[in-house]
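Reading the structure
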Amino acid sequence: MTSLDTAAKAPLDPDDTGAVPVQTLPQAVALAPPRRSRVPVRDTRINGQPAFVLHSYPYKETSLIIDLFTRDHGRIAVVAKGAKRPFSKLRGVLQTFQPLSVSWSGKSELRTLIDAEWVGGMLPIERTALLCGFYLNELLVKLLARDDPHRALFDHYISTLNELAHDEPAQIALRKFERALLKETGVAADLGRSTTTREAVAAALDYVVDPEKGAREARASDVWPVVSGKTLLDMEREDYADPATQAQSKQLMRFLLAHHLGGVPLNTRQILIDLMQL
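Reading the values: rules and limits
- Residues numbered from 1 in each chain as written.
- Predicted model: local features only at pLDDT ≥ 70, side-chain atom pairs only at ≥ 80, totals over all residues.
- Heavy atoms only, no water.
- Helix = DSSP H or I, 4+ residues; strand = E, 2+ residues; numbered from the N terminus.
- Buried < 20%, exposed > 50% of the residue type's maximum accessible area, 1.4 Å probe, protein only.
- Contact = heavy atoms within 4.5 Å.
- Areas by Shrake-Rupley, 256 points an atom, 1.4 Å probe, with all protein chains shown as cover.
- Pairing = 2+ DSSP bridges.
- Polar contact = N/O pair within 3.5 Å; in protein donor to acceptor, adjacent residues only side chain to side chain.
- Core = buried A, V, L, I, M, F, W, Y, C linked by side-chain atoms within 4.5 Å.
- Axes fitted to C-alpha atoms, helices over the stretch in contact; angles between N-to-C directions.
- Parallel < 35°, antiparallel > 145°, perpendicular 65-115°, else oblique.
- Expected span 1.5 Å × (residues − 1).
- Salt bridge = Lys/Arg side-chain N within 4 Å of Asp/Glu carboxyl O.

Helices and strands together make up the secondary structure of the chain, namely seven helices and eight strands. Residue burial in the chain is summarised as follows: out of 278 residues, 40% are buried. If you take every contact in the chain between residues at least 6 apart in sequence, the share linking residues at least 24 apart comes to 55%. Surface exposure of the chain reaches about 15,300 Å², of which carbon and sulfur atoms provide 53%.

With that settled, the discussion passes to the sheet that holds strand β8 (residues 227-228). In spatial order, the strands read β7-β6-β8; together these three strands make up an open sheet with antiparallel pairing. Looking along the sheet, the strands with just one partner apiece sit at the ends: β7 (214-217) and β8. Two strands pair when backbone bridges link them, and strand β6 (residues 206-210) and β8 are joined in this way by two bridges, in the antiparallel orientation. Residue pairing in the sheet places tyrosine 207 in a bridge with valine 227 of β8.

Turning to the environment of arginine 193, a few remarks are in order. Structurally, the position occupied by arginine 193 is in the loop between α4 (170-184) and β6. Residue arginine 193 is classed as partly exposed on the basis of its relative accessible area, which comes to 33%. On a C-alpha basis, the gap between arginine 193 and leucine 232 in space is 9.4 Å, while along the polypeptide they are 39 residues apart. Aside from chain neighbours lying at most four places away, what touches arginine 193 is Arg198, Glu199, Ala200, Val201 and Ala215. Of the polar contacts made by the side chain of arginine 193, one reaches the backbone oxygen of arginine 198; its length is 2.7 Å.

Let us look at the nonpolar core. In this structure, Leu140, Tyr157 and Leu232 are the most contacted members of the largest nonpolar core, which totals 43 residues. Elements with a contribution of two residues or more to this core: β1 (45-59), α2 (127-143), α3 (151-165), α4, β6, α5 (229-237) and α6 (243-260). The next biggest cluster of nonpolar side chains, apart from the first, holds 18 residues, and it includes Ala51, Leu68, Ile76 and Ala83.

A few words on the side chain of threonine 245. Counting through the fold element by element, threonine 245 comes out in helix α6. When residues no more than four places from it in sequence are discounted, the contact partners of threonine 245 are Lys230, Thr231, Asp234, Asp239 and Tyr240.

In this section: the packing of α5 against α6. One way to put it is that α5 packs onto α6 with a least axis distance of 9 Å and a crossing angle of 85°. With respect to each other, α5 and α6 are oriented roughly perpendicular. Contacts between α5 and α6 pair Lys230, Thr231, Leu232, Asp234 and Met235 from the former with Ala244, Thr245, Gln248, Ser249, Leu252 and Met253 from the latter.

With 17 residues, α2 extends 25 Å from end C-alpha to end C-alpha; this agrees with the ideal 24 Å at 1.5 Å per step. For α2, every residue scored as buried is listed here: Ala129, Leu131, Cys132, Gly133, Tyr135, Leu136, Asn137, Glu138, Leu139, Leu140 and Leu143.

What follows covers the sheet that holds strand β5 (residues 110-118). The strands making up a sheet are joined through hydrogen bonds of the backbone, oriented either antiparallel or parallel. An order of β1-β2-β3-β5-β4 is seen for the five strands of this closed barrel, with the pairing classed as mixed. The sheet shows a mean angle of 55° between the axes of neighbouring strands, taken without regard to direction. Pairing between β1 and strand β2 (residues 63-70): eight bridges, direction antiparallel. Paired with proline 58 across the bridge in β2 is leucine 64. On the sheet, α2 packs against β1, β2 and β3 (74-80) and is oriented at approximately 100° with respect to β1. Its contacts with the sheet put α3 on β1 and β2, and the angle it makes with β1 is roughly 60°.

Looking now at the pattern of salt bridges. With the rule as written, the count across this model stands at 15 salt bridges. Between aspartate 147 and arginine 111 there is a salt bridge, with the nearest N and O atoms lying 2.6 Å from each other. Here the residue aspartate 147 occupies a position in the loop between α2 and α3, and arginine 111 occupies one in strand β5, the gap between them amounting to 36 residues. Among the residues examined, aspartate 147 registers a relative accessible area of 22% and is labelled partly exposed. With a shortest N-O distance of 3.0 Å, lysine 230 and aspartate 242 are connected by a salt bridge.

Following this line, the structure appears as structure tokens:
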């Protein structure tokens, strides 16, 4: 998984400035600083980008810093100047779980929000489903690198919000999204084939899942969650109808997410566990 730091432009070689020895140049030119190759920059203005607010927090007296999940630019941070003022048109627009069309400018890590408009077309999520939505947002904030586009995951996020809004079973919606998130970020373990035998997972056998390698046959000494081969195959097919698959996939995804989060706790996850045993 990339990050903004690793994706930064490589520095110029200090020994490769392209300068010509001073004594070979006219005096006026010799006094000019050595030229360096120009590094291309990203577009400084983006207009009408589909987006959702993941998180916001106050910035100075009247502004907000907004964490956005956008379709074509991934997760970005923008400053919404004046958004806290009583009569700001952004005040009622920058809400979580609302489809937006946003425009921003800037090429640094923190851009400047120019405009945001509510698009509509989605039912609001309420009650327990609202907490599930905040859980999705927390996962995205903690597992997605900035400026890393994930268009398929963006569409899956919309689908999951719609499922929650239409009272689809939260356990199933969350398991599907968790699995999609790990796939999109390139860390999803292979659940369909044993990493030790290279044979297809057998429904009747028990397995554990190495977060870095994939499924293998369970051993008596294993401390990782043990799940049936049927559960792994059901997860690959996104079939969570079996209550046993729901229960085992819950434990497995909790284990895998904890590994990829590096032990960083999920606040909304614990609340959901307490309220719904998800």
